[in-house]
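Structural description and commentary
The residues making up each chain are set out below.
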Amino acid sequence: MADDRKLATEHESREVAEQAREKDWEKHSFARELFEGRLDLSLVYPAPKQDPAEQARASDFLQKLEVFARENIDGDRNDSEGWVPQEVLDGLAGLGAFGIKTPQEYGGLGLSQVSYNRALAIVASRCSATGAFLSAHQSIGVPGPLIKFGTQEQKDRYLPRLAKGALSAFALTEHDVGSDPANMSTTAELSEDGSHWILNGEKLWTTNGPRAEIIVVMARTPAIEGKRGKPITAFIVETHWEGVEVTHTCSFMGLKALSNGIIRFDNVKVPRENLLWGEGKGLKLALITLNTGRLALPAFCAAAGKGCLEMLRDWANGRVQWGLPIGKHDAIQQMLGKMAADTFALESLVELIGAMADSGKFDIRLEAAVAKLWGTETGWTLVNDAVQVRGGRGYETHDSLKARGETSYPIERYLRDMRINTIFEGSSEIMRLFIAREAVDRHFSVAGDLVNPKAPVGAKIAALVKSGLFYAWWYPTRFLGWSFWPRYAEFGALAKHMRYVERTSRRLARATFHAMVRFGPRLERRQAVLGRIVDIGSDLLVMSATVLHAKTLSDRGGAPGAEALADAFCRQARRRISVNFRALFRNDDLVTAEAADRFLAGDFAWLEEGVVPLDEYRTGADSGASRKAGGSSGLNPQPATAR
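So, here is what we can say about the structure in this document. (Residues numbered from 1 in each chain as written. Predicted model: local features only at pLDDT ≥ 70, side-chain atom pairs only at ≥ 80, totals over all residues. Heavy atoms only, no water.)

Looking at the overall build of the protein chain
Our working rule: Comment: elements are numbered from the N terminus, with helices defined as DSSP H or I runs of at least four residues and strands as E runs of at least two. Radius of gyration here uses only the C-alpha atoms, and the compact-globule reference equals 2.2 Å multiplied by the residue count raised to the power 0.38. Buried, partly exposed and exposed residues are distinguished by accessible area as a fraction of the type maximum, computed with a 1.4 Å probe on protein chains only: under 20%, between the cut-offs, and over 50%, respectively. Residues are treated as being in contact if the distance between any of their heavy atoms lies within 4.5 Å. Here the accessible surface of atoms and residues is derived via Shrake-Rupley with a 1.4 Å probe, and residues count as covered only by protein chains that are part of the display.
Scanning the protein chain from terminus to terminus reveals 24 helices and 10 strands. Taken over the C-alpha trace, the protein chain has a radius of gyration of 25 Å; the compact-globule value for 643 residues is 26 Å, and the two agree within 12%. For the C-alpha atoms alone, the extent of the protein chain along its principal axes is close to 75 × 70 × 65 Å. Split into buried and exposed, the 643 residues of the protein chain put 52% on the buried side. Long-range contacts, defined here as pairs at least 24 residues apart, represent 75% of the contacts in the protein chain between residues at least 6 apart. Roughly 29700 Å² of accessible area belongs to the protein chain as shown, and the carbon and sulfur atoms make up 54% of that amount.

A few points about the pairing of strand β4 (residues 214–220)
Put simply, the test is: We call two strands paired when DSSP finds no fewer than two bridges between them.
Among the seven residues in β4, seven count as buried, and that is most of the element. Neither face of β4 is exposed, since Ile214, Val216, Met218 and Arg220 on one face and Ile215, Val217 and Ala219 on the opposite face are all buried. In terms of strand pairing, β4 meets strand β5 (residues 232–238) through seven bridges, oriented antiparallel. Residue pairing across strands places arginine 220 opposite isoleucine 232, the latter belonging to β5.

Considering the side chain of arginine 413
Here arginine 413 shows up in helix α16 (residues 411–418). Filtering out sequence-adjacent residues up to four positions away, arginine 413 remains in contact with Gly75, Asp76, Asp79, Arg126 and Cys127.

A look at the nonpolar core
Stated formally: We call a set of buried residues a nonpolar core when its members are Ala, Val, Leu, Ile, Met, Phe, Trp, Tyr or Cys and they connect through side-chain atoms within 4.5 Å of each other.
The biggest cluster of nonpolar side chains holds 86 residues, and the ones touching the most others in it are Val44, Phe491, Leu540, Met543 and Phe569. Counting residues per element, this core draws most heavily on helix α21 (residues 527–556), at 14 residues. Excluding residues that lie within four positions of it along the chain, phenylalanine 491 makes contacts with Leu41, Tyr45, Met498, Val547, Leu548 and Lys551. Of all hydrophobic cores here, the second largest spans 46 residues; its members include Trp197, Ala212, Ile215 and Val237.

Here you go:
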């Protein structure tokens, strides 16, 4: 099929993304300090505490929610039927679960991010799709951006409805828009009388969309005088309005009961007062909302890890092979020990960053991004390993196991449901680039014009002088620091890991500087190198969170063995960090990239021979696209970032 769509250039895409970035760091960022070579424990230790009154209210709500989930949410039935019953959503709404963080003055519960994460974990432990309803509604749906950016009139009109259970969604993704919003084709034009906007376009993979009442829609609006390009603006849209149509309900390998679809807007009249925040601020609104919205996914992953541990403690103790319970064989012990340590680390990360978000004293854009990246990749590994330990019974479905009288743990469902998490709300690959950009922000502010091929000579000279003065001080200080006994002695046996984090953060900062000097403007294209830098910093952040959580639990006198789990995790993380440092400048990246280029050019087409070709799938996609162009719905086969 010929494709004559004009897509944004690489420069245009980068420009759109850069314009939407939060440029200033007005609040502290623990993760940013780590990437820059400073471990500032005073920011997070002692860990921020929940307000006692809020904690008491949250405890009562979470107890009721757990009872409701146990008695009413059936993940296996929902998965089989592909539907979360409306009475379940109504029951959750009756408990206040659709307004957990919404202020009490608008009919919500007014609870914290920490309490919200715990609530999501409870619901998701029974059914990930039901948890996704709550998350898509509150983490990235209408309530979040409305609370942050809405006018008083918008809050008064919509927040009470949303808190009572009016389902919401967030519509950004399109056929050519996944992580790159520069190709957005949905438009909004102001009417001649200026009373409303006229919205046209189509959104793909809108979670909650087919069942939502209210959605935030991102659309291109006319250029603002004095500025380049067409800005992206956010609108509050009600799905019962004329011209709003769900043209297709999508189905996926996992999250079978998810409500997700394609929504078309045909000359939809959006009242002028439904513009959210301001013209051209839509993409920035989305990114700021995601700073806390991304925390839902690692909370789900921690819940899955806990479920896997419960299953495997039963299975690995009871299943006997070669004269021993399988959990006593070293190969399985290695997996179980790592799974327990990783689950503890996941919980530690979610608790710490949730508390940081609640304190209001932090800019958590980096922490949330790391939590999403590290949390979802770790969650996938946890569930994948759990299937391996369960063996054939891990691959067999719940219904089949139940029908023949076996213990029907839903690990196969866990695996299918978990797979999407490394893709939506920013794929792992995109998250690494996002984190890398934020982590080197100070370097760009100092020496950006040196590596900018479009910067004039005068700007480069000025940047050279500025960077020379800055690095004459900065670089030597990345070697200076005391990372030996008795520093961090208050952490007992775990102090050695905190000392490791301190000296390794300085090594990471130096390595990042070396990469910038070595690759110059080419660094942005060396994404594998940037990925290793990000992975090192991520592990350092999670190590810190894990040690802090173990210390907190120890001080409370509970959770026996927390120190052992933290120690195991930190030792494993240190090995990963060593591998990534070694591979920063001695790797096979260029050889691998050359092989990829030759593959795309068709040099290895012979390798595809010997099997039945996939022509029929491409033919079907072309036909579907043709039908779609003619006005009927069609399934879009091109992958992009979901939600």
